[in-house]
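Each chain, written out:
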Amino acid sequence: MPEAHSLHRHARDQRAALAGQVLSVSSPQGRFDATPFDGHRLVDVQAHGKHLLYSFEQAPDVHVHLGMKGIFLRTEDLSLPPRAGTRMRLAGETTAFSLIAPSRCEALDAAARAELLASLGPDPLREGAAAREEAARRLGTARGAVGAAVLDQSVWAGIGNAWRAELLFLAGIDPGRRVDEAEAGRVWDLAVELLPLGVDAGQVVSDPTAPDERWVYKRETCRRCGSPVGTRTVGGRTAYTCPVDQR
DNA sequence: CCCTCATGATTAC
DNA sequence: TAATCCTGAGGGG
């Protein structure tokens, strides 16, 4: 489930399990050069939108992006051999994480790190309410459909297709139209409220009283009014909308 | 067993 | 807009 809440949760888990420790870093698959990091101390793991950045002592950063297919497997049994397709394995004193099928896993020097961060818009899980004005300006002035703009990581960092569907539903906004800055600010407020719940729950939470439910995402009918949920492509992804509750 | 699709993003056309 | 990456889940046969 690689939207922002998942990446922030991975960062939190891995920081708790590994930060401050000297790690054994390897690439059983062989497609990642682990030698600059093996035997180095992990200083921190941070999520920026959907990107993970690992900082090490005396080494560059590691940049991981899960794409749509990437997963982490966790084990407390350090003697367990990692599966052959593991791109990167991070092993600490008691815990190891195996990274499978990421879209990116690479060393990042300081300049590349700065370039990556500069390319990202505000992240509701990092800047939160403090970035409301900037977030509203970016989304409210974006050209084209709001449903495409909100997935653009240079506008807001971290929103994916599931959050798009649920946040725009809750805001009563059809993804195919534009929004002004006032509406954009209200969508940001919803993101700032709900994404942290998603970090804790490990899934998209769009109704705190029913964390396993969705309003429209991948549903046949609207959970609020029962209307048939419409699907169409917006911004290159399937958008799920209620024709009654979103205008 | 085979096929399709997916919570993503880049690249090429 | 389409192909690509090339895993995993789910459905049909």
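Residues numbered from 1 in each chain as written. Chains lettered and ligands numbered in written order. Predicted model: local features only at pLDDT ≥ 70, side-chain atom pairs only at ≥ 80, totals over all residues. Heavy atoms only, no water.

What follows deals with the packing of aromatic side chains. Applying the stated rule across the entire model yields five aromatic pairs. Between the aromatic rings of Phe37 and Phe56, the centroid separation amounts to 5.2 Å while the plane-to-plane angle is 50 degrees, which identifies the pairing as tilted. With Phe37 in the loop between β1 (24-26) and β2 (42-48) and Phe56 in strand β3 (residues 51-56), this pair connects stretches of sequence that are 19 residues apart. Phe56 sits in the buried class, given a relative accessible area of 7%. On the basis of an interplanar angle of 75 degrees and a centroid distance of 5.2 Å, the ring pair of Tyr217 and Tyr240 is categorised as edge-to-face. Residue Tyr217 is found in the loop between α6 (181-201) and β9 (230-234), and its partner Tyr240 is found in strand β10 (residues 237-241); the two are separated by 23 residues along the sequence. A connected cluster of aromatic rings, assembled from ring pairs, spans Phe32, Phe37 and Phe56. Stacked on the ring of Trp215, the Lys or Arg Arg223 has its end atom at 4.4 Å from the ring centre. Here the basic side chain of Arg224 rests over the ring of Trp215, its NZ or CZ set 5.5 Å away from the ring centre. (Phe/Tyr/Trp six-rings, centres within 6.5 Å; stacked < 30°, edge-to-face > 60°. Helix = DSSP H or I, 4+ residues; strand = E, 2+ residues; numbered from the N terminus. Buried < 20%, exposed > 50% of the residue type's maximum accessible area, 1.4 Å probe, protein only. Lys NZ or Arg CZ within 6 Å of the ring centre and 35° of its normal.)

Every one of the 14 residues lining DNA strand B counts as a neighbour, but Lys50, Met68, Gly160, Asn161 and Arg237 are closest to it. Among atoms of DNA strand B positioned within 4 Å of the protein, sugar and phosphate together represent 71%. In the model, a sugar or linking oxygen of DNA strand B is placed 3.1 Å from a nitrogen or oxygen of the Glu3 side chain. Residue Asn161 places a side-chain N or O atom 2.9 Å away from a phosphate oxygen belonging to DNA strand B. For the surface near DNA strand B, the class distribution of residues is four nonpolar, six polar and four charged. (Near = heavy atom within 4 Å. Polar contact = N/O pair within 3.5 Å; in protein donor to acceptor, adjacent residues only side chain to side chain. Nonpolar A, V, L, I, M, F, W, Y, C, P; charged D, E, K, R; others polar.)

With 100% of its residues at a pLDDT of 70 or more, chain A shows a mean pLDDT of 93. Mean pLDDT across the elements of chain A bottoms out in strand β5 (residues 71-75) (89) and peaks in helix α3 (residues 132-140) (97). (pLDDT = per-residue confidence, 0-100.)

Here we take up the pattern of salt bridges. As a working rule, side chains carrying opposite charge can pair if their charged atoms are close by. Per the stated rule, a full pass over the model turns up 12 salt bridges. Between Arg104 and Glu106 there is a salt bridge; the shortest N-O distance is 3.1 Å. Assessed through its relative accessible area of 40%, Arg104 is described here as partly exposed. For Glu106, a relative accessible area of 22% gives the class partly exposed. One network of salt bridges, in which partners are shared, links Glu134, Arg137 and Arg138. (Salt bridge = Lys/Arg side-chain N within 4 Å of Asp/Glu carboxyl O.)

Moving on to the protein's contact with DNA strand C. Taken together, Arg31, Lys69, Ile71, Arg83 and Ala101 make up the full set of residues adjacent to DNA strand C. Backbone sugar and phosphate groups make up 56% of those atoms of DNA strand C lying within 4 Å of the protein. One of the side-chain N or O atoms of Arg31 is found 2.6 Å from a phosphate oxygen in DNA strand C. Residue Lys69 places a side-chain N or O atom 3.2 Å away from a base oxygen belonging to DNA strand C. Residue composition of the surface near DNA strand C, grouped by class: two nonpolar, no polar and three charged.

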